[in-house]
Amino acid sequence: MAKAPRTQYEPASSSRSVEMSTKDGRGETHVTIRKYSDILEARQKGRELAGELGFSSTDCTLIATAISELARNIVLYAGQGEIRLGTSSQMGNIGVVIRASDKGPGIHNIRCAMQDGFSTSRGLGLGLPGVKRIMDEFEISSRVGMGTTVTAKIWKPR
Amino acid sequence: MVRTLEMEATAHSMMDEGTPADTSALLTALVDHLHKNRTQLCEEWAKRITAARLLTAMTRDEIFAETTAVYNNYVDALESGALEVLQAYARSLSERIIPRGVETHEVVGIVLLLRDVLARSLFAKYQNDFSMLNRILDAYEPAANRIANTVAVGFVQERERVIREQQEAIRVLSTPVLQVRERLLILPIIGVIDPQRARQLTEQLLRGIRTNRAKVVVIDITGVPVMDATVANHLVQTVEATRLLGAMVIITGLSPEIAQTLVTIGVDLSKMNTVGDLQGGIEEAERLLGYKVHPIGELAQSA
Amino acid sequence: MEVPILKQGAYLIASIQSALEDEDLMLLRNALITQVGRTRARGVIVDVTALDVMDSFATRTLCDLAYIIRLRGAEMVIVGIQPEVAVALARLGLKLEGVATVLDLEEGLAYLNQKAPASVKGNHSRG
């Protein structure tokens, strides 16, 4: 009886070798946020990353939206900052980590900012309560005059 | 765990015991031996399989065909040190035999039997040279074990994939979105909803609204005995998403318990359109859509 | 990037092609206000079918736009929110309060026909 045909088998790990434009040694992607088109880039990268990790397309949109909120805050309030996107794995599950940081004016009252309906003088809410709602883990630290960092994680649903 | 093994298998070759030259020469001798004695060893193996009452779901001819293929792939894997082809074969074999009802213990069993048959033949061949036998076994055993692992893991993964697909199919079937009239969808939900099912429901519903261009959706939860706060939240979000797509939502069959859960999570029930039962919900939906349903007798009279 | 604004009978249709930046939104707002005034449009349809992400900025901007357009005497309706975007908006708790949202262009026109019918003489739009 003939042998099984020699099929070209690609190990599951090969999808990880896709080159991303700015990937550092830890496998994180960073996007410098300065202008509006950077928000789009960060969203797109986030969507791609989530897609690669096997998140559903609805969840990819969710993640892109969270990134949009965080990146927009940077543009609006700090002028410049960075979004770092990475992956995390824990107990056999995999997730996306978003870290948005800037050296902007900082948030005076984080508790206020985390309340629904809070808005700054520009009439735009910071969108943070929403991000916290959809992400599984959410951390924010901010010092007035020094800057703000938001770290959020979302795990792939089993 | 399974993923790690697989990655390990692809990352390493099997020749990592002893010095490369040594092991390489030994494996060559081994592979040679296995090629030469193919027919006899294959037969021995098939005999053992039958004796152990494995692969009972397959005919003798099928067993012969598959065992020959496995044997060849096994020897190739020993020879080349590369597991990719074997992995691919294991997958395709699994795809073929799983629908036939072959179980994991059978697949693991037959691979182990092959390993035994080959080992025995080595004992026989080198019985007069104990040190050589030892060296050959040193080369053979790790390789053979990795192969056994690869085939077993390949089978298990394929099984898991099939099970997942079946579960998915069941999920999809058990949450049908029904179009009863133009622009009116009904989503009867039965049973306990977990977050994953809730997500699925939402996606199916929204897709249905788009496809059917529905303007009213009746979500019937008469058949849902209990709902925790997470899923209740999800229901509320589904209602909101539905509204964003321009459709109205009527919830029917809301039990007092679930109503309480909704109130607890801060839902203003007065803002939700709820009707006692599905029938009432459909009538309300028709009213909203501007339908008037006449009983046949009435029509006949006015004719 | 300019947003194309079409006239369909008594209504204006603005199709947003891609994520708008602050400046573009200002331009759109001004363009719509001008056009509503000039054409005496009774309604404005904002088509967001092409938007794959809508965040709080987008929703806030659309709400403001609807408010301003109403001040100018016209009704506004948003059409084409993608299902995934709808889910994200609901999960983020972003509400489009005070703005009507419907499935697509056809529904948008039907909505406006009902809410802000074109005047009887001429300008009778049919989708």
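Basis of the calculations
- Counting of residues starts from 1 at the beginning of each chain's written sequence and follows it residue by residue.
- Naming scheme: in the order in which they are written, chains are lettered from A and ligands are numbered from 1.
- At least 70 in pLDDT is required for a residue's local features to be given in this predicted model, at least 80 for side-chain atom pairs to be given and counted, and no such filter applies to totals for whole chains, interfaces and linings, which use all residues.
- The helix count covers DSSP runs of H or I at least four residues long, the strand count covers runs of E at least two residues long, and both are numbered beginning at the N terminus.
- Any residue whose C-beta has 12 or fewer other C-beta atoms within 10 Å is treated as exposed, any with 20 or more as buried, and any in between as partly exposed, C-beta atoms being built from the backbone.
- Here, residue contact means that the backbone-derived C-beta atoms of the two residues sit within 7 Å.
- By definition here, a helix of n residues has an expected span of 1.5 Å times n minus one.
- Starting at the helix axis, one direction is taken to each C-beta atom, and the arc is that of these directions.
- By the convention used here, strands pair only if DSSP detects at least 2 bridges between them.
- Residue polarity follows a fixed list, in which Ala, Val, Leu, Ile, Met, Phe, Trp, Tyr, Cys and Pro are nonpolar, Asp, Glu, Lys and Arg are charged, and the others, Gly among them, are polar.
- Axes here mean lines fitted to C-alpha atoms, for a helix over just the part in contact, with angles spanning 0 to 180 degrees between N-to-C directions.
- Oblique is the label for any angle not covered by the other classes, which are roughly parallel (under 35 degrees), roughly antiparallel (over 145) and roughly perpendicular (65 to 115).
- Crossings are classed by handedness, with left-handed meaning an anticlockwise turn of the near helix from the far one by less than a right angle and right-handed meaning a clockwise turn.
- Linking buried Ala, Val, Leu, Ile, Met, Phe, Trp, Tyr and Cys residues through C-beta atoms within 7 Å yields a set, and such a set is a nonpolar core.
- The pLDDT value expresses, per residue, how confident the predictor is, ranging between 0 and 100.
- The handedness of a crossover follows from its direction of travel: if, with the strands pointing away from the viewer, the path from the first strand over the helix to the second runs clockwise, the crossover is right-handed.

Regarding its fold elements, chain C presents four helices and five strands. Taken from N to C terminus, the helices and strands of chain C fall in the order β-β-α-β-α-β-α-β-α. For chain C, the proportion of its 127 residues judged to be buried stands at 46%. Taking all contacts inside chain C whose residues are at least 6 apart in sequence as the whole, residues at least 24 apart take part in 73%.

On a plain count of helices and strands, chain A comes out with four helices and five strands. Going residue by residue from the N terminus, the α and β elements of chain A occur as β-α-α-β-β-α-α-β-β. Expressed as a percentage of the 158 residues in chain A, the buried residues total 32%. Of the contacts made within chain A by residues no fewer than 6 positions apart, 59% connect residues no fewer than 24 positions apart.

Moving on to helix α8 (residues 195-212) of chain B. Compared with an ideal rise of 1.5 Å per residue, which puts 18 residues at 26 Å, α8 of chain B spans 25 Å between its outermost C-alpha atoms and is within 8% of the ideal. Among the residues making up α8 of chain B, those that are buried are Ala 198, Leu 201, Thr 202, Leu 205, Leu 206, Gly 208 and Ile 209 of chain B. Along the long axis of α8 of chain B, the arc covered by the buried residues comes to 155 degrees, so they all point the same way. Residues of α8 of chain B that are exposed and point over 90 degrees away from its buried face: Gln 196, Arg 207 and Thr 211 of chain B. Residues of α8 of chain B that are buried sit in contact with β2 (184-190), β3 (216-223) and α9 (229-244) of chain B together with α3 (83-92) of chain C.

All names here are of chain A. Only one face of strand β5 (residues 147-155) is buried, namely the one carrying Thr 148, Val 150, Ala 152 and Ile 154, since none of Gly 147, Thr 149, Thr 151, Lys 153 and Trp 155 on the opposite face is buried. Strand direction decides the pairing type here: strand β3 (residues 93-102) and β5, joined by eight bridges, are antiparallel. Paired with Asp 102 across the two strands is Thr 148, which belongs to β5. Connecting strand β4 (residues 137-143) to the next strand, β5, in antiparallel fashion are three residues, including Gly 145 with a positive phi near 85 degrees.

The next subject is the interface of chain A and chain C. Of the residues lining the interface, 20 residues belong to chain A; the matching set on chain C comes to 17 residues. Broken down by secondary-structure element, the contributors of at least two residues to the side of chain A that touches chain C are α1 (36-52), α2 (57-78) and α4 (128-134) of chain A. It is α2 of chain A that contributes the most residues to the side of chain A that touches chain C, nine residues altogether. Class assignment of the residues belonging to the side of chain A that touches chain C gives a composition of seven nonpolar, eight polar and five charged.

The angle between the axes and the distance between the axes are what describe a pair of packed helices. All names here are of chain B. Running from N to C, helix α3 (residues 38-51) and helix α6 (residues 104-125) cross one another at 135 degrees; their axes reach a closest spacing of 9 Å. Here α3 lies oblique to α6, going by the angle between them. In this structure, α3 meets α6 at a crossing whose hand is right-handed. For the pair α3 and α6, contact is made by Leu 41, Glu 44, Trp 45, Arg 48 and Ile 49 and by Ile 110, Leu 113, Leu 114, Val 117, Leu 118 and Ser 121, respectively. Each residue belonging to the contact of α3 with α6 can be placed in one class, and the counts come to eight nonpolar, one polar and two charged.

Ile 63, Leu 70, Ala 71 and Ile 83 of chain A, Val 217 of chain B together with Val 44 and Ala 86 of chain C are the most contacted members of the largest nonpolar core, which has 108 residues in total. Counting residues per element, this core draws most heavily on α2 of chain A, at ten residues. In contact with Leu 70 of chain A, not counting residues within four places along its chain, are Ile 83, Ile 98, Ala 100, Val 131 and Val 150 of chain A. Within the second largest apolar cluster, 39 residues are counted, among which are Tyr 74, Tyr 89, Ile 97 and Leu 118 of chain B.

Residues and elements named next belong to chain A. Of the residues in chain A, 77% have a pLDDT of 70 or more, and the chain-wide mean is 80. In this model, residues 1-21 is a region of pLDDT below 50 whose contacts with residues beyond four sequence positions or in other chains number 22 contacts. Below a pLDDT of 50 lies the segment residues 119-123, which in the model reaches two contacts outside its immediate sequence neighbourhood of four places, other chains included.

Here we come to the sheet that holds strand β3 (residues 43-47) of chain C. Residues and elements named next belong to chain C. Taken in spatial order, the five strands of this open sheet run β1-β2-β3-β4-β5, and their pairing is mixed. Each edge of the open sheet carries a strand with a single partner, namely β1 (5-8) and β5 (100-102). Averaged over all pairs of adjacent strands, the angle between their axes in this sheet comes to 25 degrees, without regard to strand direction. Note: strand β2 (residues 11-15) against β3, five bridges, orientation parallel. Its bridge partner being in β3, Ser 15 is matched across the sheet by Asp 47. Relative to strand β4 (residues 75-79), helix α2 (residues 56-71) is tilted by about 150 degrees, and along the sheet it contacts β3 and β4. Where helix α4 (residues 105-115) meets the sheet, it contacts β2, β3, β4 and β5, and its direction lies at approximately 160 degrees from that of β4.

Attention now moves to unusual backbone geometry. A positive phi is found at Arg 53 of chain B, a non-glycine position, where the angle reads about 55 degrees. Relative to the helices and strands, Arg 53 of chain B resides in the loop between α3 and α4 (60-80). For Arg 40 of chain C, which is not glycine, the phi dihedral falls at a positive 55 degrees. With respect to the helices, strands and loops of the structure, Arg 40 of chain C is situated in the loop between α1 (22-39) and β3. Judged by the 12 C-beta atoms lying within 10 Å of it, Arg 40 of chain C is exposed.

Residues and elements named next belong to chain B. Summarising burial for strand β4 (residues 248-252): four of the five residues are buried, a large majority. Examined bridge by bridge, β3 and β4 share five bridges and lie parallel to one another. The residue bridging Ile 219 from the neighbouring strand is Ile 251, located in β4. Between the parallel elements β3 and β4, the chain passes through α9 in a crossover that is right-handed. Sheet topology places β4 next to strand β5 (residues 274-275); two bridges connect them, and they run parallel. Paired with Ile 251 across the two strands is Thr 274, which belongs to β5. Considered for its hand, the β-α-β crossover made up of β4, helix α10 (residues 256-264) and β5 is right-handed.

Let us now look at the sheet that holds strand β2 (residues 81-90) of chain A. Residue and element names in this part refer to chain A. Read across the open sheet, the five strands follow the order β1-β2-β3-β5-β4; overall the sheet is antiparallel. The sheet is open, and its two edges are formed by β1 (29-33) and β4, each paired on a single side. Along the sheet, successive strands turn relative to each other by an average axial angle of 15 degrees, direction set aside. Strands in contact with α2 are β1, β2, β3 and β5; relative to β3, the strand with the most contacts, it is inclined by about 10 degrees.

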